[in-house]
Amino acid sequence: MSLLGELVAAGLLVILATACLFDRHLFRACLAFLAFALLMALAWWRLEAPWLALAEIVLGALLTGMALFHALGRLGEGCRLPPRDHQARPRHQSPVRWLAALVWLALAGLAVWELSGNSPLVASGEVSRRPLLASGLAIMALGLWAFAHHLHLLRRLLAFNVLGSGVFLLLAGLAGPVVEVQGLILVGLVVALVGSVLGAALLGRLYALDGRVTLGADRDAAP
Amino acid sequence: MSVSSAASLSTEVVVLWLTLLVPALLGALAGCFPPRRMLPVLLIGAPLVLATLWLLHRVSVSGEFQGTWSPGGLLLHWRLNGLAGLLLLLTQLLLLASASYAVGHRQTFAVAERAYAGFWPLLGGLAVALGLIWVADDLLTLYAALELMGLCAVGMMLLPGKQEALVAGMRYLLYALVGSLAWLLGVALLLGASGRLDMAGLAANAAPGPVTGIAMALLAAGLLLKAAVFPLHGWLVPVHVSAWAPVSALHGALVVKASFFILMQLWQRLVADAVAAAWLLGLLGSLAVLWGGLQAWRADALKQMVAWSTVGQLGYLMLAFPLLAGTSAAVASLAWQATWLQLAGHALAKAAMFMAAGNLVLATGERHLSGLAGISRQLPLSLMTFGIAAVTLMGLPPSAGFTAKWLLLQAAILAGQWLWVAVLVAGTLLTAAYVFRVFRFAFAEDAPHHDVRVLPAGLDLIALLLALSALALGLGAEWPLALLREGGRP
């Protein structure tokens, strides 16, 4: 695969992540996430990790997608959530979250910079891993922003999933598609799936109980 | 599973893996046939404790066991040393106590049948996860076990099914998930820098430098979030307020400690000499001691108080980092023993305290401290259990808390780090203040009589036994401390 192809794929991933995290229309956001997960599977395929690609399709796209659509009320019975997210976070709540997200991102960026400069592992890998690292960082940044900023629980679950995918891409970009990386990503995918299913079920229950779609009046340190 | 260690398939290895994995099977079984009485649970769980005792004996005779196994081309490492064995024993004891307590809890408190059945598989999963965390020696197993533990813990916290439990559980879930991503990113950096996942390989290959430092910072952030250490403790108290007593007991005693254990293992191997960072952790711990103590003193619900006290007591564990970094061998040895003794003593006492508090709440139906006025006349045993557990938390002799704090004090004085001495004293005073606040309400003479529900004798007995074992651990601390001196310190 040429460098150009890698660049296009990485760019598409970032665009889909942006679409998924910025769209206030929840159904469209979930669809964008589905496409994003399928593209991730393609990325694993091209890294010569077919099992990982299969796991991403089944766990990341299919099952997570089902959980999300179920929470939205588009699949099976259940309360139907309002189709749009109208929540806006009050400005005064943000600084600490922003700081945490920026510190996380700065640390990760610095470490990736250091590693891609002088690590034997990355140096031995082809140049084609560079787009993977760049897109991983960008997707992580988007996920962090969305997780810190959004109030709607479904959008926070989406943000968590995107953030996780960003970390996986970085992992694969830093260490190559060795078996340890595949093991870590596989565990990560299972955890993300269970977390998403649990979170979506909880959101459904909370909405049915008292019509809330956020954690509500957070007194002090909310995540 | 293919075990390929130097000792090949010795009896010890088989017994170890059976003790680690059988709880999952038992949990699934109990999920299908939820137990109705305590005795069968005790009888079925006791062999696990005995097996762990035997393993510990073997470790003390013939030293550390270790081995590897390789599923699908991966190479995963495990080891059982004195420290891991002791923690495994503690885990088995507390799991047994909590499982039996849950049966009694079900007998007194109307619990939805489905929620009660769901408790058991989650308990089994938690048991496996905790066991794996103590024996795992590579980052992949640790990651899987950490996540299994976190998800099981969240599931258990959700069992009451009430709205406040669901909101608290959701917040816990989000925190736990983000914490695990921070951890995974740290692992990614370490793997990228050294190409290894096993602890020994990491320690040998990780060059000290910015990348290792950043990776450790991310790992520490994820773990501190899961351990509810001071600025990241926001999720802990609401979760405990609405959870069942046996779940709270296990969570406060073991789940938050497991993250601390992993952090300590990694820290000692990767950045053992980072004095400034270790002091930062120590300072966070000091703030936790003070803030947790103050909030516990101000709390008006009983379980809230006990949960805040967990935040405070976790702070003492963090004092180990500055006392282990760049200090003399004598200081480090003292601090090392003190930390694990404090962890074990606090685990036993906190489980006992959560159960005693649960008994008081169950019997009276009152959640608030002011509602417990005059309860000493009617529930003396539950209150006494609460008091004995508090002896360990305050660090009065002859409890494990006293021995641990005494060792910690010695280490701090020997190292000339006087700040921690002040923190220890302040923490003890604060603990005394919030504990005696409960007794002030409980011993009120002019309060009206409560309608008290009669609890099964087992509930009080289990809590009392745990509280007494925390005292006994202080008296018989020599045996665990000898095991700790021999092995476990990387």
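All of these numbers come straight from a predicted model, not from anything done at the bench. Position numbers for residues count from 1 along each chain, tracking the sequence in the order it is written. Chains carry letters and ligands carry numbers; both start at the beginning, A for chains and 1 for ligands, and go up in the order they are written. Predicted model: local features are reported for residues with pLDDT of at least 70 only, side-chain atom pairs are reported and counted for 80 or more only, and whole-chain, interface and lining totals are derived from all residues. Side-chain numbers here rest on the full set of heavy atoms in the structure, without hydrogens or water.

Before we go on, may I ask you to explain the overall build of chain A in this structure?
To qualify as a helix, a DSSP run of H or I must reach at least 4 residues; to qualify as a strand, a run of E must reach at least 2; elements of each kind are numbered from the N terminus. Helix and strand content of chain A: 8 helices and 0 strands. Exposed residues in this analysis have more than 50% of their type's maximum accessible area, buried residues have under 20%, and partly exposed residues fall in between, with area computed by a 1.4 Å probe over protein chains only. Residue burial in chain A is summarised as follows: out of 223 residues, 53% are buried. A separation threshold of at least 6 residues defines the contact pool for chain A, and within that pool the share at least 24 residues apart is 75%. Roughly 9,800 Å² of accessible area belongs to chain A as shown, and the carbon and sulfur atoms make up 70% of that amount. Contact definition: two residues touch when any of their heavy atoms are within 4.5 Å. Here the Shrake-Rupley method, with its probe set to 1.4 Å, supplies the accessible areas, and only the displayed protein chains count as covering residues.

Help me understand the overall build of chain B, please; the structure alone is not making it clear to me.
Across its full length, chain B holds 19 helices and 2 strands. In summary, chain B has a C-alpha radius of gyration of 21 Å against a globular reference of 23 Å for 490 residues, a match within 12%. Judged by the C-alpha coordinates and their principal axes, chain B covers about 70 × 55 × 45 Å. Of all 490 residues assigned to chain B, the portion counted as buried reaches 67%. It is over C-alpha atoms that the radius of gyration is taken, and the globule rule equals 2.2 Å times the number of residues to the power 0.38.

Just to check I follow, could you spell out the pattern of salt bridges for this structure?
Once the charged atoms of two side chains with opposite charge are near each other, the side chains can pair. All names here are of chain B. Salt bridge criterion: a side-chain nitrogen from Lys or Arg within 4 Å of a carboxyl oxygen from Asp or Glu. If you walk through the whole model with that rule in mind, you get 7 salt bridges over all chains. Linking E164 and R367 is a salt bridge whose minimum nitrogen-to-oxygen distance equals 3.4 Å. With E164 in helix α6 (residues 163-194) and R367 in the loop between α14 (329-364) and α15 (380-394), this pair connects stretches of sequence that are 203 residues apart. In this structure E164 comes out as partly exposed when scored by relative accessible area, which is 37%. Taking the shortest distance from any N to any O, the salt bridge between R196 and D198 comes out at 3.0 Å. Look at D198 and you get buried, because its relative accessible area is 9%.

Is there a simple way to explain the pairing of strand β2 (residues 76-80) of chain B in this structure?
If a strand is regular, its side chains alternate between the two faces of the sheet. Residues and elements named next belong to chain B. A large share of β2 lies buried, amounting to 5 of its 5 residues. Side chains L76, W78 and L80 project from β2 onto one buried face, and the interleaved H77 and R79 project onto a second face that is buried too. Sheet analysis places strand β1 (residues 65-69) next to β2, joined by 5 bridges and oriented antiparallel. In the sheet register, T68 faces β2, and the bridge partner there is H77. Pairing between two strands is assigned when DSSP locates at least 2 bridges connecting them. Here β1 folds back onto β2 in antiparallel fashion, the turn holding 6 residues, of which G72 has a positive phi close to 55°.

When you look at empty space enclosed by the protein in this model, what are you seeing that I'm missing?
By rolling a water-sized probe across the atoms, one finds the places where empty space is left. In this analysis, the protein atoms alone were mapped onto a 1 Å grid. Cavities are point sets where a 1.4 Å probe fits without being able to get out; pockets are open sets with protein on both sides within 12 Å along at least five of seven lines; lining residues have an atom within 4 Å of a point. Grid points are joined across faces, edges and corners, and a volume is the space filled by probe spheres set on the points. Within the structure shown, the criterion is met by 11 cavities of 30 Å³ or more. Size it by volume and the largest cavity reaches roughly 80 Å³. What lines the largest cavity is F33, E56, L59, G60, T64, N161, G164, S165, F168, L189, A192 and L193 of chain A. Of all the secondary structure elements, the ones that give two or more residues to the lining of the largest cavity are α3 (50-72), α7 (153-175) and α8 (179-210) of chain A. All residues other than Ala, Val, Leu, Ile, Met, Phe, Trp, Tyr, Cys, Pro, Asp, Glu, Lys and Arg, Gly among them, are scored as polar; the first ten of these are nonpolar and the last four charged. Tallied by class, residues from the lining of the largest cavity come to 6 nonpolar, 5 polar and 1 charged. Computed from the structure, the second largest cavity encloses a volume of approximately 60 Å³. As for the second largest cavity, its lining consists of L146, M149, G150, Y172, A176, K226, V255 and S259 of chain B. Among the secondary structure elements, those contributing two or more residues to the lining of the second largest cavity are α5 (139-158), α6 and α10 (245-270) of chain B. Ranked by residue count, the leading element in the lining of the second largest cavity is α5 of chain B, at 3 residues.

Any chance you could explain the interface of chain A and chain B here in plain terms?
One frequent convention defines the size of an interface as the accessible area lost when the parts assemble. Contact residues are listed per partner, giving 47 residues for chain A and 41 residues for chain B. Defined here as a combined quantity, buried area equals the accessible surface (1.4 Å probe) lost by two parts on assembly, summed across both. With both sides pooled, the region where chain A packs onto chain B buries about 3,900 Å², and carbon together with sulfur makes up 85% of that total. Of all residues in chain A, the largest losses of buried area upon contact with chain B belong to W104, L184 and L202 of chain A, amounting jointly to 15% of the total for that side. Viewed at the interface, chain B and chain A are joined by 0 salt bridges. Here a polar contact is taken to be a pair of N or O atoms separated by no more than 3.5 Å, where protein atoms must pair a possible hydrogen donor with a possible acceptor and residues adjacent in sequence count only if both atoms sit in side chains. Where chain A meets chain B, there are 1 residue pair in polar contact (both at pLDDT 80 or more).

For this particular structure, what's the right way to read the packing of aromatic side chains?
Both the distance between ring centres and the angle between the ring planes are used here to describe each pair of aromatic rings. Residue and element names in this part refer to chain B. Here is the rule: rings of Phe, Tyr and Trp (six-membered ring for Trp) pair when centre to centre is within 6.5 Å. Planes less than 30 degrees apart are stacked, more than 60 are edge-to-face, and the remainder are tilted. This model, assessed by the stated rule, comprises 20 aromatic pairs over all chains. When the centroid spacing of 6.2 Å and the interplanar angle of 65° are considered together, the rings of W17 and W69 count as edge-to-face. Taken together, the residues span a long stretch of sequence, with W17 in helix α1 (residues 11-32) and W69 in strand β1 at a distance of 52 residues. Summarising the aromatic geometry, the rings of F260 and F321 are spaced 6.0 Å apart at their centres and angled 80° between planes, so their arrangement reads as edge-to-face. Linking F260 in helix α10 with F321 in helix α13 (residues 320-324), this pair joins segments that are 61 residues apart in sequence.

Hey, could you run me through the UniProt feature "transmembrane region" (unreviewed entry) in chain A in this one?
Residues and elements named next belong to chain A. UniProt positions are given in the numbering used here, feature names are shortened, and annotations may be inferred rather than shown by experiment. In this structure's numbering, the residues bearing the UniProt feature "transmembrane region" (unreviewed entry) are residues 6-22, 29-45, 51-75, 96-113, 133-151, 158-178 and 184-203. Counting secondary structure, residues 6-22 comes out at 100% helix and 0% strand; the distance between its end C-alpha atoms is 24 Å. Regarding residues 158-178, the helix share stands at 86% and the strand share at 0%, and the terminal C-alpha atoms are separated by 28 Å.

Please explain the UniProt feature "domain: NADH:quinone oxidoreductase/Mrp antiporter transmembrane" (unreviewed entry) in chain B as it appears in this structure.
In the numbering used here, UniProt assigns the "domain: NADH:quinone oxidoreductase/Mrp antiporter transmembrane" (unreviewed entry) feature to residues 136-431 of chain B. Along residues 136-431 of chain B the backbone is 80% helical and 0% strand, and the end-to-end C-alpha distance reaches 34 Å.

It is not clear to me how the state of the cysteines should be interpreted in this structure. Could you clarify?
A covalent bond between the sulfur atoms of two cysteines is referred to as a disulfide. Cysteine sulfur atoms that pair up within 2.5 Å are treated as a disulfide. According to the stated counting rule, one finds 0 disulfides over all chains in the structure shown. The closest cysteine sulfur to the non-disulfide-bonded C20 of chain A is located on C30 of chain A, 7.2 Å from its own sulfur.

Is there a simple way to explain the packing of helix α1 (residues 3-22) of chain A against helix α2 (residues 26-46) of chain A in this structure?
When two helices pack together, their arrangement is captured by the angle between the axes and the distance separating the axes. All names here are of chain A. Across the interface, α1 lies against α2 with an axial gap of 8 Å and an inter-helix angle of 155°. Taken together, the axes of α1 and α2 are roughly antiparallel relative to one another. Helix-helix and strand crossings are classified by hand; for α1 and α2 the assignment is left-handed. Packed against α1, whose contacting residues are G5, E6, A9, L12, L13, L16, A17, A19 and C20, the element α2 presents A29, A32, F33, A35, F36, L39, M40 and R46 at the interface. When grouped by side-chain class, the residues that make up the contact of α1 with α2 number 14 nonpolar, 1 polar and 2 charged. Lines fitted to C-alpha atoms define the axes here, with helix axes fitted over just the stretch in contact, and angles between the N-to-C directions of these axes take values from 0 to 180 degrees. Note on terminology: angles under 35 degrees are roughly parallel, angles over 145 are roughly antiparallel, angles of 65 to 115 are roughly perpendicular, and the others are oblique. Here is the rule for handedness: rotate from the far helix to the near one, and if that takes an anticlockwise turn smaller than a right angle the crossing is left-handed, while a clockwise turn gives right-handed.

For this particular structure, what's the right way to read the confidence of the model for chain A?
Keep in mind that low pLDDT regions are not for reading the predicted coordinates in detail. Per-residue confidence from the predictor is given as pLDDT, running between 0 and 100. Here chain A shows a mean pLDDT of 83. Residues at 70 or above account for 87%. Across chain A, the element-wise mean pLDDT spans from 49 in helix α5 (residues 120-124) of chain A up to 91 in α7 of chain A.

In this structure, what is going on with the side chain of S180 of chain B? I would like to understand it.
Residues and elements named next belong to chain B. With respect to the element layout, S180 can be found in helix α6. Within the local environment of S180, its side chain forms a polar contact with the backbone oxygen of L177, the two atoms lying 2.7 Å apart. The residues touching S180, leaving out its near neighbours within four places in the chain, are Y143, E147 and K226.

Would you mind going over the environment of A43 of chain A with me for this structure?
Residue and element names in this part refer to chain A. Mapped onto the elements, A43 comes out in helix α2. According to the relative accessible area criterion, A43 is buried, its value standing at 14%. Placed 34 residues apart in sequence, A43 and A9 show a C-alpha to C-alpha distance of 7.7 Å.

Explain unusual backbone geometry here, please?
Most peptide bonds take the trans configuration, and most residues that are not glycine carry a negative phi. Following P397 of chain B, the chain continues into P398 of chain B via a peptide bond in cis, with omega recorded as 5°. Despite not being glycine, E48 of chain A shows a phi value in the positive range, around 60°. Position of E48 of chain A relative to the elements: it lies in the loop between α2 and α3. Even without a glycine there, the phi angle at A228 of chain B is positive, about 60°. Residue classification places A228 of chain B among the buried residues on the basis of a relative accessible area of 0%.

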